[in-house]
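Residue-level structural notes
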Amino acid sequence: PLPFDVLDALCIFLDNNDLKSFALSSPSFSTCASKRLYRRISLDSSPQAVRCLQTLANRQHIARHVREFSLRLDHSTTLLKSFVTLLARALSNMPLLTSLDLVLPQAASQAFVPPLSSSIKRPIYERLVHFSCNLPLDGPICNFLGRTPSVSELHLGEYQTPTHVVASDLPNSSNSASQPIVPLLPPTALPKLSAFWGPPDAAAVLVPGRPLESVHLYYGKLS
């Protein structure tokens, strides 16, 4: 059999259809072909996404080949809880990502919290440099950003994050005054952040103490 590096070099010259045939022809060829087939993934429909996410969630050795992942769904799409859980499992299996681009309905932010059943409880995305998401800076997003030490470009959504909660809903509250909700993001998170695109409420959390070179606000201003 040919050495792995030779097979890997041959795969460079094959298109996706040929790579699929190559992968099915032999177990030894499958590893090389899968490395190329799953390196860059772009999904734009729920049925297509479900099939791919099932593979990534259930086959960790394949998910580790993914370097660039894009999932862009219509904002009006209704996602089942099972889909969000599936996406969370798939993301947990892709710690070697360099670029992540997501457009999701707002209720899907729980996908950024590693599932308890995941074999990797809290994956660290050491290589992730570019992260773009239409969702606001909330608790699950902060959970994710706390595990992305190499992110230098960050795009967050235009949705306004919740800014207040009625005090009567809080433990030991004795009046009806409202208190602000501040997303929890450790000051040590995002040490390499250099460019940010997003709303001013997120910028107010992310800009202080970080080496930003450019800040692009969708509206308002940052004092």
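Please read all numbers here as calculations on a predicted model, not as lab measurements.

The full count for this structure, using the stated rule, is four aromatic pairs. For the ring pair tyrosine 125 and phenylalanine 144, a centre distance of 5.0 Å and an interplane angle of 50° mean the geometry is tilted. Residue tyrosine 125 is located in the loop between strand E3 (99-103) and strand E4 (130-133), and its partner phenylalanine 144 is located in helix H7 (residues 139-145); the two are separated by 19 residues in the primary sequence. Taken together, Phe112, Tyr125, Phe131 and Phe144 form an aromatic cluster joined through their ring pairs.

A separate point is helix H4 (residues 46-58). Three- or four-residue spacings in an α-helix give side chains the same orientation, since the helix completes a turn every 3.6 residues. With 13 residues, H4 should reach 18 Å at 1.5 Å per residue; the first-to-last C-alpha distance of 18 Å fits that figure. Within the span of H4, buried status applies to Ala49, Cys52, Leu53, Thr55, Leu56 and Ala57. Between a side-chain oxygen at the N-terminus of H4 and the backbone nitrogen of glutamine 48 the separation is 3.4 Å; the capping residue is serine 45.

Our focus in this paragraph is helix H6 (residues 81-92). Its twelve residues give H6 an end-to-end C-alpha distance of 17 Å, which sits within 8% of 16 Å, the value for a rise of 1.5 Å per residue. Turning to H6, its buried residues number three or more, namely Phe83, Val84, Leu86, Leu87, Ala88, Ala90, Leu91 and Ser92. Of the surrounding elements, those touching the buried residues of H6 are H4, strand E2 (68-72) and E3.

Spatially, seven strands are ordered E1-E2-E3-E4-E5-E8-E9 in an open sheet, and the strand pairing comes out parallel. A strand with exactly one partner marks an edge of an open sheet, and here the two such strands are strand E1 (40-43) and strand E9 (214-217). Each strand of the sheet is rotated relative to its neighbour by a mean of 5°, with strand direction disregarded. The pairing of E4 with strand E5 (residues 153-155) spans three bridges and is parallel. Following the sheet pairing, histidine 130 is matched in E5 by glutamate 153. Contacts from H4 reach E1 and E2 within the one sheet, and its direction differs from that of E1 by about 145°.

As a packed pair, H4 and H6 sit with axes 8 Å apart at the nearest point and diverge in direction by 45°. In this view, H4 runs oblique relative to H6, as classed from their interaxial angle. Crossing angle aside, the handedness with which H4 passes H6 is left-handed. Within the contact between the two elements, H4 uses Ser46, Ala49, Val50, Leu53, Gln54, Leu56, Ala57 and Asn58 and H6 uses Phe83, Leu86, Leu87, Arg89 and Ala90.

With 49 residues, the main nonpolar core has Leu56, Phe69, Leu71, Phe131, Leu145, Leu154 and Leu206 as its most contacted residues. Element by element, the count of residues in this core is highest for H6, at six residues. Ignoring any residue separated from it by four or fewer positions in sequence, one finds leucine 206 in contact with Leu137, Leu145, Leu154, Leu156, Leu185, Leu190, Leu193, Phe196 and Leu212.

The next point concerns the environment of glutamate 126. By the element assignment, glutamate 126 lies in the loop between E3 and E4. The exposure class of glutamate 126 is partly exposed, given its relative accessible area of 49%. Between the alpha carbons of glutamate 126 and proline 149 there is a distance of 6.0 Å; along the sequence they are 23 residues apart. Excluding residues that lie within four positions of it along the chain, glutamate 126 makes contacts with Pro95, Pro149 and Ser150.

In this section: the pattern of salt bridges. The tally for this structure, following the rule as stated, stands at two salt bridges. As a salt-bridge pair, glutamate 68 and arginine 40 come within 3.5 Å of each other at their nearest N and O atoms. Note that glutamate 68 is positioned in strand E2 and arginine 40 in strand E1, a separation of 28 residues in sequence. Given the relative accessible area of 33%, glutamate 68 is considered partly exposed.

Turning our attention to the pairing of E2. The pairing of E1 with E2 spans four bridges and is classified as parallel. Following the sheet pairing, isoleucine 41 is matched in E2 by phenylalanine 69. Following the backbone out of E2, through H6 and into the adjacent parallel E3, one traces a crossover that is right-handed.

Turning next to the pairing of strand E8 (residues 195-198). Two elements, E5 and E8, share three bridges in a ladder whose sense is parallel. Residue pairing for E8: leucine 154 is matched across the bridge by phenylalanine 196. Pairing between E8 and E9: four bridges, direction parallel. Counted as the bridge partner of alanine 195 is serine 214 from E9. Of the crossover connections in this fold, the one passing from E8 over helix H8 (residues 200-206) to the parallel E9 is right-handed.

The rules behind each value
- Residues numbered from 1 in each chain as written.
- Predicted model: local features only at pLDDT ≥ 70, side-chain atom pairs only at ≥ 80, totals over all residues.
- Heavy atoms only, no water.
- Phe/Tyr/Trp six-rings, centres within 6.5 Å; stacked < 30°, edge-to-face > 60°.
- Helix = DSSP H or I, 4+ residues; strand = E, 2+ residues; numbered from the N terminus.
- Expected span 1.5 Å × (residues − 1).
- Buried < 20%, exposed > 50% of the residue type's maximum accessible area, 1.4 Å probe, protein only.
- Polar contact = N/O pair within 3.5 Å; in protein donor to acceptor, adjacent residues only side chain to side chain.
- Contact = heavy atoms within 4.5 Å.
- Pairing = 2+ DSSP bridges.
- Axes fitted to C-alpha atoms, helices over the stretch in contact; angles between N-to-C directions.
- Parallel < 35°, antiparallel > 145°, perpendicular 65-115°, else oblique.
- Left-handed = near helix turned anticlockwise from the far one by under 90°.
- Core = buried A, V, L, I, M, F, W, Y, C linked by side-chain atoms within 4.5 Å.
- Salt bridge = Lys/Arg side-chain N within 4 Å of Asp/Glu carboxyl O.
- Right-handed = clockwise from strand over helix to strand, strands pointing away.

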